[in-house]
Number of protein chains: 2
Amino acid sequence: METWDAITSRRDVREYTGDPLRREELHAILEAGRRAPSSRNWQPWDFIVVTDREQLRRLSEVWKGARHVARSATTIALVTPEHPDQSRERAEYDLGQVSMQMMLAAADLDIGSAHSAVEDQERAREVLGLPDDCRCAYLIPLGRPADRPLMPIEQPDRREFDRVVHWERW
Amino acid sequence: METWDAITSRRDVREYTGDPLRREELHAILEAGRRAPSSRNWQPWDFIVVTDREQLRRLSEVWKGARHVARSATTIALVTPEHPDQSRERAEYDLGQVSMQMMLAAADLDIGSAHSAVEDQERAREVLGLPDDCRCAYLIPLGRPADRPLMPIEQPDRREFDRVVHWERW
């Protein structure tokens, strides 16, 4: 798929067909994540790939906005070291970059996604078997859209271009 | 360009030819940013497009890692409202997503980029004419690579796939 089509087709997808993802699709999405840029190339992330249905169900209870994890074909858990305060913001920015790159790689394969925050760290730690010095920062549920295929969106639900973009100065 | 080629070709580019970007190229990069996802679609960003050479030179002084801004064809300044502490992390994650989407849209057009943090907020505020309740979070300098064109990178400088990816549990 053309990059522009992936960018304009990606949308939050929370209802998935029962179809599993193929191994090579998953590999491409993970590889896209691995390649993401980060501050001084510190790569503050590990990816845990969850496909077991019972694991997905338990993982979906980490936050009220994570229920769609239970229905996903696969969910990628983004795990990050516990950072001291000043580098925590830096990690968040880089986690945003890695998430976006994986979700675009997914859209390129007609795979939907909708990331979720994680509130209950104790549960996430238990389900994923995390070491004490890490936390699960975000979940990226994946699956083929159950409603309609991904297609370029003409009028995205966003602030208008001329309101967002300024020239030379504010 | 295929999405996969944009993902694998993007790298940090800090040396640019003197070529300006075409208006439609800049529009595509900004439109990609406008479409980025964010927490509950709050879109915590404004984009200031800087192409004036003297503005770029002044902007390059906001941080020691921003010197390449002075040589860029265009730099997009990401401006975000001043957030209270708890939503500041959330904004960082979303700023990471919007940056990644813009940098991939740039790579798709053979345009290089290398984002920079901003340390001296007073200077950024003065150069960009920002209102008091906003800060300039990041700069995204853009330009055609002076060294070599963007090409898919076979062996990216990253931790190995099998060290980053875990299956089902840590």
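Anyway, here's the lowdown on the structure attached to this text. Just so it is clear, the structure is predicted and the values come from calculations on it, not from any experiment.

Here is what the cut-offs are and how they apply
Residues numbered from 1 in each chain as written. Chains lettered and ligands numbered in written order. Predicted model: local features only at pLDDT ≥ 70, side-chain atom pairs only at ≥ 80, totals over all residues. Helix = DSSP H or I, 4+ residues; strand = E, 2+ residues; numbered from the N terminus. Rg over C-alpha atoms; globule rule 2.2 N^0.38 Å. Buried ≥ 20, exposed ≤ 12 C-beta atoms within 10 Å, placed from the backbone. Contact = placed C-beta atoms within 7 Å. Pairing = 2+ DSSP bridges. Axes fitted to C-alpha atoms, helices over the stretch in contact; angles between N-to-C directions. Parallel < 35°, antiparallel > 145°, perpendicular 65-115°, else oblique. Left-handed = near helix turned anticlockwise from the far one by under 90°. Nonpolar A, V, L, I, M, F, W, Y, C, P; charged D, E, K, R; others polar. Least-squares fit on C-alpha atoms with pLDDT ≥ 70 in both. Core = buried A, V, L, I, M, F, W, Y, C linked by C-beta atoms within 7 Å. Expected span 1.5 Å × (residues − 1).

With that settled, consider the overall build of chain A. Across its full length, chain A carries six helices and six strands. When the helices and strands of chain A are read in sequence order from the N terminus, they spell out α-α-β-α-β-α-β-β-α-β-α-β. Computed over the C-alpha atoms, the radius of gyration of chain A is 17 Å, within 12% of the 15 Å expected from 2.2 N^0.38 for a compact globule of 170 residues. Seen through its principal axes, chain A has C-alpha atoms that stretch 45 × 40 × 30 Å. When each of the 170 residues of chain A is scored for burial, the buried share is 47%. Residue pairs at least 24 apart in sequence account for 80% of intrachain contacts in chain A once pairs closer than 6 positions are excluded.

Of the residues lining the interface, 53 residues belong to chain B; the matching set on chain A comes to 53 residues. Listed by contribution, the elements that provide at least two residues to the side of chain B that touches chain A are helix H1 (3-9), helix H2 (23-34), strand E1 (46-50), helix H4 (85-108), helix H6 (161-164) and strand E6 (165-167) of chain B. In terms of residues, the side of chain B that touches chain A owes the most to one element, H4(B), which gives 14 residues. Here three bridges tie strand E1 (residues 46-50) of chain A to E6(B), and the two strands are oriented parallel to one another. The partner of A:Ile48 across the bridge, within E6(B), is B:His166.

For the pair helix H4 (residues 85-108) of chain A and H4(B), the least separation of the axes is 7 Å and the interaxial angle reads 45 degrees. With respect to H4(B), the axis of H4(A) lies oblique. Where H4(A) crosses over H4(B), the two elements pack in a sense that is right-handed. Contact residues: H4(A) offers A:Arg88, A:Glu89, A:Glu92, A:Tyr93, A:Asp94, A:Leu95, A:Gly96, A:Gln97, A:Ser99, A:Met100, A:Gln101 and A:Leu104, while H4(B) offers B:Arg88, B:Glu89, B:Glu92, B:Tyr93, B:Asp94, B:Leu95, B:Gly96, B:Gln97, B:Ser99, B:Met100, B:Gln101 and B:Leu104. The residue inventory of the contact of H4(A) with H4(B), partitioned by class, reads eight nonpolar, eight polar and eight charged.

Each copy superposes on the other: chain B lies on chain A with an RMSD of 0.0 Å after a rotation of 180 degrees and an axial shift of 0.0 Å. Here the two chains are linked by the operation of a two-fold rotation axis. Same-surface contact between copies: 100% of interface residues of chain B are shared with the interface of chain A.

A:Leu78 and B:Leu78 are the most contacted members of the largest nonpolar core, which totals 96 residues. Apart from residues no more than four positions distant in its own chain, A:Leu78 is found in contact with A:Trp45, A:Phe47, A:Leu95, A:Val98, A:Ser99, A:Ala137, A:Tyr138 and A:Ile140.

Taking 1.5 Å as the rise per residue, helix H2 (residues 23-34) of chain A with twelve residues should run 16 Å; its terminal C-alpha atoms sit 16 Å apart, in good agreement. Along H2(A), the positions that sit buried rather than exposed are A:Glu25, A:Leu26, A:Ala28, A:Ile29, A:Glu31, A:Ala32, A:Gly33 and A:Arg34. If you follow the buried residues of H2(A), they end up packed against E1, strand E2 (74-81), H4 and strand E5 (134-143) of chain A together with H1 and H6 of chain B.

The next thing to look at is the pairing of E2(A). As a general feature of sheets, a regular strand has side chains that alternate between the two faces. Residues and elements named next belong to chain A. Summarising burial for E2: seven of the eight residues are buried, a large majority. Note that E1 and E2 share five bridges and pair antiparallel. Across the sheet, residue Ile48 finds its bridge partner in E2, namely Ala77. Relative to E5, E2 runs antiparallel, the two being bridged by eight bridges. Residue pairing across strands places Leu78 opposite Tyr138, the latter belonging to E5.

Turning to unusual backbone geometry, a few remarks are in order. Phi is positive for A:Asp110, which is not a glycine, with a value near 65 degrees. In this structure, A:Asp110 sits in the loop between H4 and strand E3 (112-113). Within the chain, B:Glu168 stands out as a residue other than glycine whose phi angle is a positive 70 degrees. When you line up the elements, B:Glu168 lands in the segment after E6.

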